Amino acid sequence: MILTLEGAPATGKSFLANALVAKGATRIAEVNELWRRPNEEAPTWYLRRQLDRYAIARAAKTADAVLDGDCLQPIWFGWLYPDRVGQNWRYAVRFFRDNAASWGLPDQFVLLQVPEAVRVQRERARSLQSGRSAARAQEKADKYATMAQNLALWFEAINSAFPGLVSVLDCRLAPAEDFPFAQAALAAPCHRAFLDWAEDWLANHQPVGSPGI
């Protein structure tokens, strides 16, 4: 089974991924942990590394492979933050459509959630621990203030369109002994159909906090 863990920063993705590794799963880290970004980055470099991550998950020798971060992140991140990425979400959709043979949907998306006050507290604490000033720590915590709300909208919409594809996990506490999403998942939809749905949904919805299209 391939699981994709996603959530706003400081919701506990890597903590949960490592807990699953302790149970025998293989963790596939995020792009910036696996590869050093080149000085002169090709427009598709980051997108191609997401294909590589999926290939690693598919080739895993363990029963479960855990993607610590969504391979399709360039799509929804471009929708959330069009001013922060090099390509818009439509470019990412086209890329994944053109490379449909090189990726697939996970058996289950797992969205990690905590109350925003808890997330901010965690983000501040780990930023301070890494040596950032209090002001920089608060700035980093505030940077993704609406991300959790928008991820909830996105993944709720996915689960409405493709029932059973998304589980939501409250990560205020340490992971339980038995993970509620580690069950036989429903068959994932055709990824071409998924992209068609995603393109339509994103074109007709604005992120929370967006000034408008």
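Description of the structure in this document. (Residues numbered from 1 in each chain as written. Predicted model: local features only at pLDDT ≥ 70, side-chain atom pairs only at ≥ 80, totals over all residues. Heavy atoms only, no water.)

A short note on the environment of glutamate 116
When you line up the elements, glutamate 116 lands in helix H6 (residues 116-129). For glutamate 116 and glutamine 149, which are 33 residues apart along the polypeptide, the C-alpha to C-alpha distance reads 9.2 Å. Other than its neighbours up to four places away in sequence, glutamate 116 contacts Tyr144, Ala145 and Ala148. (Helix = DSSP H or I, 4+ residues; strand = E, 2+ residues; numbered from the N terminus. Contact = heavy atoms within 4.5 Å.)

A word on the packing of helix H5 (residues 89-98) against helix H9 (residues 191-203)
At a closest axis distance of 10 Å, the pairing of H5 and H9 adopts a crossing angle of 170°. With respect to each other, H5 and H9 are oriented roughly antiparallel. Contact with H5, carried on its side by Trp89, Arg90, Val93, Phe96 and Arg97, involves Arg192, Leu195, Asp196, Glu199, Leu202 and Ala203 of H9 and no other residues of that element. (Axes fitted to C-alpha atoms, helices over the stretch in contact; angles between N-to-C directions. Parallel < 35°, antiparallel > 145°, perpendicular 65-115°, else oblique.)

Quick notes on the sheet that holds strand E5 (residues 166-170)
Taken in spatial order, the 5 strands line up as E2-E3-E1-E4-E5 in an open sheet, and their pairing is parallel. Two strands lie at the open edges of the sheet, namely strand E2 (26-28) and E5, each paired on one side alone. Each strand axis lies, on average, 25° off the axis of its neighbour in the sheet, ignoring direction. Examined bridge by bridge, strand E1 (residues 2-6) and strand E4 (residues 108-113) share 4 bridges and lie parallel to one another. (Pairing = 2+ DSSP bridges.)

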